[in-house]
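# Tertiary structure, described
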Amino acid sequence: MNERPISVYRTLVVLQPTPFCNIDCKYCYLPDRKNPNTMSEAVIERVAYEILSSDQIEFPMVFLWHLGEPLAVPRKFYDRAFDIISNVNKQFKREYSHSIQTNGTLINKVWIDLFRSYDVRVGLSIDGPEFIHDRNRVTRGGNGTHAEVMRGIKLLQDAAIPFGVIAVLTNFSLDYPEEIFQFFIENGIDDVAFNIDEIDGVHKVNSFSDPTAFENYKKFLLKLLYLASFQPDKFKLREIWTNLRTLSLGNKNPYNTTNQPLRIINISANGDFSTFCPELRAARSEKFGNFKMGNLVSGRLVDIWENPVFKLVNEEVQRGVKLCAEKCDYWQFCGGGAPSNKFFESGRFDVTETNTCRIHKIATVDTLLTYVEQRLAPQQI
Amino acid sequence: MTSTEPFNFCQRTENVRQMLMSSKNGRLLMQELAPANAVAIDNTIDFSDWSQWSQWSQQQ
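Residues numbered from 1 in each chain as written. Chains lettered and ligands numbered in written order. Predicted model: local features only at pLDDT ≥ 70, side-chain atom pairs only at ≥ 80, totals over all residues. Heavy atoms only, no water.

### Focus on the pairing of strand S8 (residues 264–267) of chain A
Residues and elements named next belong to chain A. Here S8 shows no split at all, with Ile264 and Asn266 on one side and Ile265 and Ile267 on the other all buried. One ladder, built from four bridges, connects strand S1 (residues 12–15) with S8; its direction is parallel. Within S8, the position partnered with Val13 by the bridge is Ile265. One ladder, built from three bridges, connects S8 with strand S9 (residues 273–275); its direction is antiparallel. Counterpart to Ile267 in the pairing with S9 is Phe273. In textbook terms, the turn of a hairpin is the stretch between consecutive antiparallel strands, and for S8 and S9 this stretch comprises five residues, one of which, Gly271, has a positive phi near 95°. (Buried < 20%, exposed > 50% of the residue type's maximum accessible area, 1.4 Å probe, protein only. Helix = DSSP H or I, 4+ residues; strand = E, 2+ residues; numbered from the N terminus. Pairing = 2+ DSSP bridges.)

Now the structure itself:
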């Protein structure tokens, strides 16, 4: 059995209450979004037992309900699921929390009550102002969803429930830093993470493959940082402050939860599970099959160490991480990159640089360096 | 991947680190860029450590 990595990072258990999603975002990587199956109580109980009893996991940990639209199931699903997990935990007394990553369109007072009752942390996806958001985040009929998401945000804010936002950037978004910044400021959204449109799962095209994207992204980010400097404490960007910590303190042993076994555990509605990036649940490969590394109804979490798919994937992932450590200047900021980006871009894990690395990590770090130099260098003279 | 920037990346990051850590303006800039306490949505961040870092940086 592998030694557990020494880490203070929390284990993330990504649970799929249902594969179904009520909307049809153009860049979504999930393949099964019309499937209305839900995770059964029997699966939830087995998952809870396997996770909470495990000595493979760092506690406290987080149950993140995602991999479909988590609010597409009835509220009573979570009342029951949370009770089951809580009851199982009576014998283990583990520390954990619940988190939901939602498209926000279905938030209503019933959900607000759930979030408050169980202290659920909420992550919500909105790509900025309507003319940007509605290009990609659409219904199956092709209509934009911005207005529905804003209704959800208003309900969260009225109830004083904190939430973080993930905004997916496409190459189109990069021409509108002022509009994106103003949108978040005007709507009181101060905790923002940018994901980029990337090749994942069933999403086979990437607007950032354009050769101009690297420089455009840097210009976009630099503009955003200067805009934010005039509104201190009103806008914090995950990509900046996470890299800032490494920049200020250094990081000789970088750690990336997406490429280390069992730091992220992805569990489908039927109990199938895998580790590494959640996006790999949408992958298919001649070599690795559907990336299923076990089933928590018919097997144990600990069986993963002997699972042939896991062994093949892990061996190749770790080769890729080692290559990153040897070859990449940005290693200390990154810890080896996300296996899903490597796989979806090249069909392999034992590679280094990806287009996503170039934009989301390298361009970001370069921009942060430039920004700090521009803000501080004149005062050093 | 080697840096696309014009001079040695390690030297550049070290220079910027010194700017941030060795002056009051550097520490103020760090506080400007970082949240006092962040909301975890994807759990890739070690918030307990960040909190320690934040306290530490304010004490310097």
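Moving on from the model shown.
### Details of the pattern of salt bridges
Residues and elements named next belong to chain A. Applying the stated criterion to the full structure yields 25 salt bridges over all chains. Across the pair Arg75 and Asp79 runs a salt bridge whose closest N-O atoms are separated by 2.9 Å. Of this pair, Arg75 and Asp79 both sit in helix H2 (residues 75–89), four residues apart, roughly one helical turn. One salt bridge connects Arg319 with Asp350, and the closest N-O pair in it is separated by 3.2 Å. Here Arg319, found in helix H9 (residues 308–327), pairs with Asp350, found in the loop between helix H11 (339–346) and helix H12 (355–380); they are 31 residues apart in sequence, far enough to count as distant. Of the residues examined, Asp350 reaches a relative accessible area of 15% and is grouped as buried. Linked through salt bridges whose partners overlap, the residues forming this network are Lys287, Glu315, Glu316, Arg319, Arg348 and Asp350. (Salt bridge = Lys/Arg side-chain N within 4 Å of Asp/Glu carboxyl O.)

### A short note on the sheet that holds S1 of chain A
All names here are of chain A. On the basis of which strands lie adjacent, the open sheet formed by nine strands has the order S7-S6-S5-S4-S3-S2-S1-S8-S9 and mixed pairing. For this open sheet the edge positions go to strand S7 (236–237) and S9, each flanked by a neighbour on one side alone. In this structure, strand S3 (residues 96–102) lies alongside strand S4 (residues 121–125), joined through four bridges in parallel fashion. By the bridge assignment, Ile100 is partnered in S4 with Val122. Sheet contacts for helix H8 (residues 238–249): strand S6 (191–196) and S7; angle to S6, the most-contacted strand, approximately 95°. (Contact = heavy atoms within 4.5 Å. Axes fitted to C-alpha atoms, helices over the stretch in contact; angles between N-to-C directions.)

### Things to note about the side chain of Asn171 of chain A
Residues and elements named next belong to chain A. Within the secondary structure, Asn171 sits in the loop between strand S5 (163–169) and helix H6 (177–186). By relative accessible area, Asn171 is classed as buried at 16%. Asn171 has contacts with Ser207, Phe208, Asp210, Thr212, Ala213 and Asn216, leaving out every residue within four places of it along the chain.

### What about the environment of Leu296 of chain A?
Residues and elements named next belong to chain A. Position of Leu296 relative to the elements: it lies in the loop between S9 and H9. Between the C-alpha atom of Leu296 and that of Asp134, which follows or precedes it by 162 residues, the distance is 38 Å. Those residues in contact with Leu296, other than ones at most four positions away along the chain, are Arg46, Val47, Glu50, Ile267, Gly271, Phe273 and Leu301.

### So, the packing of aromatic side chains
Residue and element names in this part refer to chain A. Scanning the model with the defined rule gives 29 aromatic pairs over all chains in all. With 5.5 Å between their ring centres and 75° between their planes, Phe63 and Tyr96 make a pair best called edge-to-face. Placement of the pair is Phe63 in strand S2 (residues 61–65) and Tyr96 in strand S3, with a sequence separation of 33 residues. The class of Phe63 is buried, set by a relative accessible area of 0%. Look at Phe291 and Phe349: their rings are 6.1 Å apart centre to centre, the planes differ by 85°, and that puts the pair in the edge-to-face class. Of this pair, Phe291 sits in the loop between S9 and H9 while Phe349 sits in the loop between H11 and H12, placing them 58 residues apart in sequence. In this structure Phe291 comes out as buried when scored by relative accessible area, which is 0%. (Phe/Tyr/Trp six-rings, centres within 6.5 Å; stacked < 30°, edge-to-face > 60°.)

### Some words on the environment of Gly141 of chain A
Along the chain, Gly141 of chain A falls in the loop between helix H4 (130–136) and helix H5 (146–158). Once the C-alpha coordinates of Gly141 of chain A and Asn307 of chain A are considered, the two residues, 166 residues apart in sequence, prove to be 41 Å apart.

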